[in-house]
Amino acid sequence: MLFRSGLPERFGGGGADVFEMTLAQEILGRADASTALVAGMHYSLLGRVIDNAAWPEDVLRELCAAMDRTGGTINNCVTEADLGSISRGGLLAMTAERADGGWRLTGRKIFVTGAPALRFMATAAVLPPSDASPTGELVNALVEAPSEGLSLVDTWSGALGLRGCGNFDVVYDRVFVPDHRIVERLPIGQHRRPQGGSAWALPLAAIALGVGQAVQARMDALARDLEDSPLKDAVRALLAHHR
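Just so it is clear, the structure is predicted and the values come from calculations on it, not from any experiment. (Residues numbered from 1 in each chain as written. Predicted model: local features only at pLDDT ≥ 70, side-chain atom pairs only at ≥ 80, totals over all residues. Heavy atoms only, no water.)

(A) Just the packing of helix α1 (residues 18-31) against helix α2 (residues 33-51), in detail. Close contact between α1 and α2 brings their axes to 7 Å; oriented N to C, the two are set at 155 degrees. On the basis of their axis angle, the class for α1 and α2 is roughly antiparallel. For the pair α1 and α2, the contacting residues are Met21, Gln25, Leu28, Gly29 and Ala31 in the first and Ala33, Thr35, Ala36, Ala39, Gly40 and Tyr43 in the second. Class assignment of the residues belonging to the contact of α1 with α2 gives a composition of seven nonpolar, four polar and no charged. (Axes fitted to C-alpha atoms, helices over the stretch in contact; angles between N-to-C directions. Helix = DSSP H or I, 4+ residues; strand = E, 2+ residues; numbered from the N terminus. Parallel < 35°, antiparallel > 145°, perpendicular 65-115°, else oblique. Contact = heavy atoms within 4.5 Å. Nonpolar A, V, L, I, M, F, W, Y, C, P; charged D, E, K, R; others polar.)

Quick look at the structure:
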């Protein structure tokens with residue numbers, strides 16, 4: 001229910017607006033920051049795409065209907081081990097080869113938040129040069145999970161924060177993506193038109209507020225528990241300093 005609430009009603013979701021989802025994320029951040037981060041990534045991506053009409057309406061409807069029907073989330077899969085900043089000329093190592101009706105992707109993405117819960121992976125890839133785009137194209141390939149050739153690697157289980165929010169590596173071994181799920185095409189060398197900030201970044205920011213409130217509440221409880229302890233004054237001084 002949580003991940004459906006921010007989907008538009010026309011796509012079968014709860015229709016919550018950015019203000020309502022920001023309040024929800026603040027509350028969730030107090031209780032479970034990891035789950036809040038996974039949810040926040042989901043909302044911020046879909047919110048930006050919907051507000052900017054960045055993907056075709058029928059593709060959005062198809063993805064939202066699938067998530068409504070079977071559950072799961074969506075997130076960006078961009079970062080690669082040897083990738084610099086795309087905005088400053090960094091080139092993706094992930095390859096794409098033509099197949100009947102679509103493309104096959106091969107490569108590896110790292111730091112994919114909430115990977116085990118993902119129903120779709122908005123995967124940054126580069127298509128080879130063509131007559132329409134002689135330099136090739138930077139695209140978003142909307143990969144369905146599970147798919148043949150798609151696997152998760154639990155690389156970060158030794159780090160508590162990354163383990164909690166399911167930050168896995170994602171490996172693509174000739175994973176098929178149909179043509180209609182190749183979106184946000186941009187010829188290499190062409191700058192993307194700035195779209196401005198998205199209000200859907202606010203649910204992500206609200207997580208930090210909720211976490212801070214939870215820490216404050218825990219420290220207040222600790223100060224009460226230490227009423228007869230020699231640490232009482234030190235804890236109260238620390239609380240006063242950070243209020």
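(B) Spatial organisation of helix α5 (residues 202-225). For α5, which comprises 24 residues, the first-to-last C-alpha distance of 35 Å matches the rise-based estimate of 34 Å (1.5 Å per residue) to within 8%. The set of residues buried in α5 consists of Pro203, Ala206, Ile207, Gly210, Ala221 and Ala223. (Expected span 1.5 Å × (residues − 1). Buried < 20%, exposed > 50% of the residue type's maximum accessible area, 1.4 Å probe, protein only.)

(C) Fine view of the environment of Ala217. Take Ala217: it is sitting in helix α5. Given a relative accessible area of 44%, Ala217 falls into the partly exposed group. Sequence separation of Ala217 and Arg119 is 98 residues, and the distance between their C-alpha atoms is 35 Å.

(D) Representation of the sheet that holds strand β2 (residues 95-99). One open sheet accounts for four strands, arranged β2-β3-β7-β6; its pairing is antiparallel. What marks the edges here is a single partner per strand, and that holds for β2 and β6 (150-153). Looking at each pair of strands side by side, their axes are set apart by 15 degrees on average, direction ignored. As defined by bridge partners, β6 adjoins strand β7 (residues 168-178) across four bridges and the pair is classed as antiparallel. If you follow Ser151 over to β7, its bridge partner there is Val171. (Pairing = 2+ DSSP bridges.)

(E) Fine view of the nonpolar core. Formed by 22 residues in total, the largest nonpolar core has its most connected members in Leu105, Met121, Val143, Leu150, Val170, Tyr172 and Ile182. Elements with a contribution of two residues or more to this core: β3 (102-112), β4 (118-127), β5 (137-144) and β7. The element contributing the most residues to this core is β7, with five residues. Other than its neighbours up to four places away in sequence, Leu150 contacts Met121, Val143, Glu144, Ala145, Val170, Val171, Tyr172 and Val175. Core analysis: the next-biggest nonpolar cluster, separate from the first, contains 19 residues, Leu7, Leu46, Val49 and Trp55 among them. (Core = buried A, V, L, I, M, F, W, Y, C linked by side-chain atoms within 4.5 Å.)

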